Amino acid sequence: MTGRGNWTYLLPGRAPVLIDAGVGAPEHLEAIARHQSGSTLHVVVTHAHVDHIAGAVALQQRWPSARFSKFPWPDRDRGYDVNWQPLADGDRIAAGDGELHVVHTPGHAPDHIALWEPASRVVFSGDLVVVGTTVVIPASGGGSLQAYLQSLRRILSLQPARLLPAHGPAVDDPGAIVSRYIAHREQRERQVLAALESRLHTVEAIVAHIYAGLAAPLVPMARESVLAHLNKLADDGAAHRAGDEWRLSSTDAPPAR
Ligand SMILES: [Zn+2]
């Protein structure tokens, strides 16, 4: 699910910063060491998914005085035994010879942050977008489609010139890809609504209908996606859950007293 692997970004300079920790592959550590021979390193992790955070321990062994920062997700963070310093939305981080601003962008993960460099109008965008595919919203693992869509709109409102994602190529036209993403989710939401209207009431039935013929290994992801849409519809008041079943909320119900 990580395509051809994942990018980490090293910003050399007065305050060397590494964005994302990778997974601790020896060749990754060597590549960083070629550009960062000094002892200082500040590792900023975009979110606690394993391909972004797992290398923290190996980085600490190699750079014992390194600092580690991320937006807290305690249940996950404690799996990686480094001294995490908490980041919050709006924090500013000295990075390279400039500054990064922390933008909390939950949805794909509750702790997801993007890093905005105003001087270059670049956003280091973690897993917000991946060219050529869509981003998984793990609804039963802390994901929220509603939060994700808000995060996309928030990033667009910065009017970035470029996104540097953790997977796949750079994005030089952020407005276009984000608009496509939003349109795609809106289309999927209409499909989920139509499925509920045609009396498909379980996640499994909706997945089988919308993703007919999907290869078995991809079904769990599709299930998470449909559940993310159902959760959003519930938050919007358009649907509700009863046990394992989902129903449209009647539009002609009497108003609540
Ligand atoms: Zn991720």
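Look a little higher up for the structure.
Just so you know, the residues in each chain are numbered from 1, in the order the chain's sequence is written. Only residues with pLDDT of at least 70 are given local features in this predicted model, and only at 80 or more are side-chain atom pairs given and counted; all residues enter the totals for whole chains, interfaces and linings. Values reported for side chains reflect all heavy atoms of the structure, with hydrogen atoms and water molecules removed beforehand.

1. Points about the sheet that holds strand E3 (residues 42-44)
Here is the rule: Strands pair, by our definition, only if DSSP identifies at least two bridges between them. The helix count covers DSSP runs of H or I at least four residues long, the strand count covers runs of E at least two residues long, and both are numbered beginning at the N terminus. Note on geometry: axes are C-alpha line fits, over the in-contact stretch for helices, and angles between N-to-C directions span 0 to 180 degrees.
Taken together, 5 strands build an open sheet; the order of strands is E1-E2-E3-E4-E5 and the sheet is mixed. On the outer flanks of this sheet lie strand E1 (9-11) and strand E5 (84-86), each paired with one strand and no other. Neighbour-to-neighbour, the strand axes of this sheet turn through a mean angle of 25°, independent of strand direction. Pairing geometry for strand E2 (residues 17-19) and E3, over 3 bridges, is parallel. Its bridge partner being in E3, Val-17 is matched across the sheet by His-42.

2. As for the environment of Pro-138
Spelled out, the test is: Whether two residues are in contact is decided by their heavy atoms: any pair within 4.5 Å suffices.
Assignment of secondary structure puts Pro-138 in the loop between strand E9 (122-126) and helix H5 (145-157). The sequence separation of Pro-138 and His-108 amounts to 30 residues, and the corresponding C-alpha distance is 6.7 Å. Once residues lying within four places of it in the same chain are set aside, the contact partners of Pro-138 are His-49, His-108, Gly-143 and Glu-224.

3. Some words on the side chain of His-28
Stated precisely, the cut-off is as follows: For each residue, the accessible area found with a 1.4 Å probe, counting protein chains only, is set against the maximum for its type, and the residue is called buried under 20%, exposed over 50%, and partly exposed in between.
Among the structural elements, His-28 can be located in helix H1 (residues 26-35). We classify His-28 as buried; its relative accessible area is 18%. Apart from residues lying up to four places away in sequence, His-28 is in contact with Thr-8, Ala-21 and Gly-22.

4. Side note on the packing of aromatic side chains
Just so we agree on the cut-off: The pairing test for Phe, Tyr and Trp rings, Trp by its six-membered ring, is centres within 6.5 Å, and the orientation test on the planes gives stacked under 30 degrees, edge-to-face over 60, and tilted for anything in between. Two thresholds decide whether a charge sits over a ring: the Lys NZ or Arg CZ must be within 6 Å of the ring centre and within 35 degrees of the ring normal.
Tallying each qualifying case throughout the model produces 2 aromatic pairs. With a centroid separation of 5.9 Å and 80° between ring planes, the pair formed by Phe-68 and Trp-84 is classed as edge-to-face. Residue Phe-68 is found in strand E4 (residues 67-70), and its partner Trp-84 is found in strand E5; the two are separated by 16 residues along the sequence. Exposure class is identical for Phe-68 and Trp-84. Each is buried. Arg-62 extends its terminal NZ or CZ atom over the ring of Trp-63, reaching a point 5.7 Å from the ring centre.

Purely geometric stuff here, so don't read any function into it on its own.
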